Amino acid sequence: MAEKPLPVPRRLPPANGTPEPRKVRFSFAGRQRTAQEGDTIASALAAESVDVLTHSFKYHRPRGILCADGRCPNCMVDVDGRPNVRACVTPVTEGMRVRPQNVWPSMRADLLSLTDRFDRLLPVGFYYKTFIRPRFLWPLYERVLRGAAGLGKVDPKGHPDMHQRRRNLHADVVVIGGGPAGCLAALEAAASGASVVLVDDQADLGGHLRIRTRPIRGDARVDGLSGRAAASSLAHLVAADPRIRHLARATAIGIYEGRLVAVSQGETFIHVRAGQVVAATGAHERPLLFHDNDRPGIMLASAILRLRWLHDVRIGRRVVVVTDDDHGWRQAAELLAAGFEVTGLLDIRAEGSNATSREGAGEVRRAGVEIHHGATVLAARGTSRVTGLSFRTADGVERGIEGDLVALAARPEPVISLLSQEGVQPRWDDRIGDFVPGDLTPGMHTAGHINGPLPDALVLAEGSLVGRVAASAAGHDPRNGSTALPVAHLRAVADALAAVEPRPAVQTPGGRKQFLCVCEDVTVKELQQGVKEGFGSLELMKRYSTVTMGPCQGKMCHGLAARVQALFTGATPAQTGLTTSRPPFQPVSLASLAGPHLARTRRTAMHDRHEALGATWTDMGDWKRPLHYGDVVAECLAVHRAAGLIDVSTLGKLDVQGADAGEFLDWLHPNRFSDLKVGRVRYRAMLDDAGIILDDGAVARLGPERFLVSTTTGNIDAVDQWFGWWLAGGPRRVAVTDVTGQYAAVNLAGPNSREIMQRVTSLDVSREAMPYLAAAQGDVAGVPAIILRIGFVGELGYEIHVPADYGAHLWDALIDAGRDLGLRPFGVEAQRVLRLEKQHAIVGQDTDALSNPIEAGMGWVVKADKPDFIGRDASLVVEARGPRLVLTGIEIIGHDLPAEGASILREGSNTGIGRITSAKWSPMLERGIALGWVDISDATEGNRVTLRLGVGKAGGTTVGRIRTKPFYDPAGERLRA
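Conventions we followed
Residues numbered from 1 in each chain as written. Predicted model: local features only at pLDDT ≥ 70, side-chain atom pairs only at ≥ 80, totals over all residues. Heavy atoms only, no water. Helix = DSSP H or I, 4+ residues; strand = E, 2+ residues; numbered from the N terminus. Buried < 20%, exposed > 50% of the residue type's maximum accessible area, 1.4 Å probe, protein only. Contact = heavy atoms within 4.5 Å. Areas by Shrake-Rupley, 256 points an atom, 1.4 Å probe, with all protein chains shown as cover. Lys, Arg positive; Asp, Glu negative; His and termini not counted. Charge placed at Lys NZ, Arg CZ, Asp CG, Glu CD. Pairing = 2+ DSSP bridges. Axes fitted to C-alpha atoms, helices over the stretch in contact; angles between N-to-C directions. Expected span 1.5 Å × (residues − 1). Salt bridge = Lys/Arg side-chain N within 4 Å of Asp/Glu carboxyl O.

Draft legend 1. The arrangement of the overall build of the protein chain in detail. Along the backbone of the protein chain there are 25 helices and 47 strands. Each principal axis of the C-alpha atoms in the protein chain carries an extent, and together these give about 110 × 70 × 55 Å. Across the 977 residues that make up the protein chain, the buried fraction comes to 55%. Across the protein chain, contacts joining residues at least 24 apart in sequence account for 66% of those joining residues at least 6 apart. For the protein chain, the accessible area works out to roughly 41000 Å², and carbon and sulfur atoms hold 52% of it. One way to put it: in the protein chain the 115 positive side-chain charges average out to a point 4 Å from where the 109 negative ones average out.

Draft legend 2. Region of interest: the sheet that holds strand S41 (residues 823–825). Sheet architecture is open: six strands sit in the order S38-S39-S40-S37-S31-S41, paired in mixed fashion. Because the sheet does not close on itself, it has two edges, and the strands there are strand S38 (775–780) and S41. Strand after strand, the sheet turns through a mean of 25 degrees between neighbouring axes, direction not considered. Taken together, the seven bridges between strand S37 (residues 743–749) and strand S40 (residues 797–803) define a ladder with antiparallel strand orientation. In the sheet register, Leu748 faces S40, and the bridge partner there is Tyr798. Against the sheet, helix H22 (residues 753–760) touches strand S31 (643–647), S37, S38, strand S39 (783–788), S40 and S41, its axis set at about 30 degrees to S40.

Draft legend 3. Inspection of helix H5 (residues 180–191) at higher detail. Its 12 residues give H5 an end-to-end C-alpha distance of 16 Å, which sits within 8% of 16 Å, the value for a rise of 1.5 Å per residue. Within H5, 11 of the 12 residues are buried, which leaves it mostly tucked inside the rest of the structure. For H5, the set of buried residues is Pro180, Ala181, Gly182, Cys183, Leu184, Ala185, Ala186, Leu187, Glu188, Ala189 and Ala190. Of the surrounding elements, those touching the buried residues of H5 are strand S8 (165–176), strand S9 (196–199), helix H6 (227–240), strand S10 (244–247), strand S13 (268–279) and helix H11 (456–473). Two residues or fewer past H5, Gly193 is found with a positive phi of approximately 100 degrees.

Draft legend 4. Spotlight on the pattern of salt bridges. Within the structure shown, the criterion is met by 66 salt bridges. Its salt-bridge partner being Asp78, residue Arg99 comes within 3.4 Å of it at the nearest N-O pair. Taken together, the residues span a long stretch of sequence, with Arg99 in strand S7 (residues 97–100) and Asp78 in strand S5 (residues 76–79) at a distance of 21 residues. Overall, the relative accessible area of 45% leaves Arg99 in the partly exposed class. The salt bridge partner of Arg927 is Glu891, with a shortest N-O separation of 3.0 Å.

Now the structure itself:
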């Protein structure tokens, strides 16, 4: 038996003198793989002869690399738990775990691939037609459909490492696209004095020149250089210009009102505000239609060249080129120069008089390539990978041609989606048979192949001219002093486009599996059937068949879908039009759009002290706060038995001053503050017009016309705006200043806290001189301070506010003073336990958008005898009808704690009477305690209730007992000590 030939290595050796790249180890589908530094996932797998990266969405057909440019769904994989990552543009990193998607249970045995065999049972819109009867089976249908649908799976327990960041940039000119036109536009705009941001989705500048060997002509800076050398030269020129900021591997995902360009760059989301925008997004190849046109090994010609020149991977040996334009002849010549054997060139067009003068024709003919004009490709051969094509010659003879690669080299389509988002309507150009940009909106410019198949000289000239025009429109004087392109150039462009051969009519040679949209597995037959069913509008067809609705958002199929739709409706492509392009242009992670980078991060003055103590952090609003320091039980017991210290700098602080300040606070709150004595503190609860609790805190009167108002951590901005709203345009003599950032604050609490205070201040802090709810000003640890005698945690306590610059000093001084008295720092978790022991509610956790103070146990703050306050009428209505639900304490019998949000049931039945809002284990009381909303008829002292342990019906149950008074120190003796 003859031995099986060894596979031909796909990785090309490094050029002479080039060091061997560093090796990188990663895994794919559970198997270890080796890549080279600089590889993408796809190029690394291609080098190791892995042709199938994933399976398709609907039919679960094997899919391999198609574009190698991040524009299609054929290489979407799961990377370290992140679904839908494009393997062809994602660099390999050490230890990366890559898994295929849309396979079950495995790539080799994907049972869902049976749908490909039974595709006749899945016609266009089958889900609309099939899963409506019988109606009672819909829950079953829904489970099955949800299990089979979707692209990739999100791990609900996963925590991917995504440190998203946000940046804001401003530029006179933003250029989108780093090809030759984009680079020259950026260089000329910068030379005119404009600041420029150049956005390009590739690692290096140069666009299509990076995979081109033939020389380029038309601009002195690159004239006569090979494409690859010209790309390198342009990149060096851009890097040397200090006025140009180049954003590499960055994708402009949208253009918004006011020329705001949204850019996604890895883990950074960038808002670029542009004076002028130059779209130099170029043109890209697209698939062609024939049976089984999605087989692995059928690729865009540019993808084959991209792997060869950018990653030293020759993914096959023998290539068949299919084209409808001179572009295909040029790509065939490039493939020959890259070391491939071109076994055939199938040109859809009939042989014309200029066939021998086409650029690249000489190289193709000298190489002995089999050329067929007027060819109609019928089907791909091969199963797991393409082995050749079946085609019909111009004479009607069916033939076959062999090759382990098929290069699709249709005329590149202009990339106009971004412009469409900005309001530029696509325009069908009959001369070239493509959609091009229509009339541009103010501030928008286009350059290069986005305007059509222009020759090199005009692309380069247009890039330079548009760069100067954009700079001039941004207020900088270019050398020609013009804000419009020269008439001579526009005439030259028109003449060049007029000389282009019209694109041949779209071919649909037959076969059920002519994939028009590889994202959604939409075939030509399905579009044809949709038209027969009355979906003559492409916008409606999009929704019925899902064509252009997949991850690539029509990048591969938008123009092709319009031409096929026009073919079946009998309309022209101009009449058919394109569907609406919406951002994002390229898929972007939700973390980029809504991640923590969109919120500021605030740290208190004592942050470093907490860090040194090993704090576990939690986010509260914008602030970082210590959740605990390793032992919540010890922290709770320290406050009760000795002393504890907590950083409360995050509480909002408003300085309210003026002759009408007391009256103003009376208006904003249901209780009074105008009669509050200087040196005293009073609790505050703020309501809206409907009597709903918005915020709570404390008000300290520091002078006849000065009040310090504290708010909850997350509500300072809202409360500040609320105060400003009610002051706007009114006659009240009040000034409100947000001083949250100006003051650091701590709460010193516990039976030993008074003795600690005596060691750090000369003030009299005795019970008689500074009783509960007193306010004083004086020095603490040598620093001017405001001291409030309040106790949210239920023990003797002092809330101390000092200028933020002295926050760390105050913390250190108190720690030193209380070390021998058992002082211990405590965090937010211990504070939550301690406040729950006193049944102190947290607004926003124990209350919601329907909670009023009367039912929340704060009815004593509502002073109905006041003439008016915000929320008065609504509060009087609640008082008149009586409370329906009340917030009450619940003592838990047993060791199981209910979840927050769990149901409260009437004992002995399944009747719901309320819900849990907070539940904790109290180490001091040695039992579980909770707060919850309970029906008024059941909220009687000692009444037993049943508590669900989980939300909804999840988990078991436990038993609780209603407690209407605080669990700990119900008389408040320790608080007032």
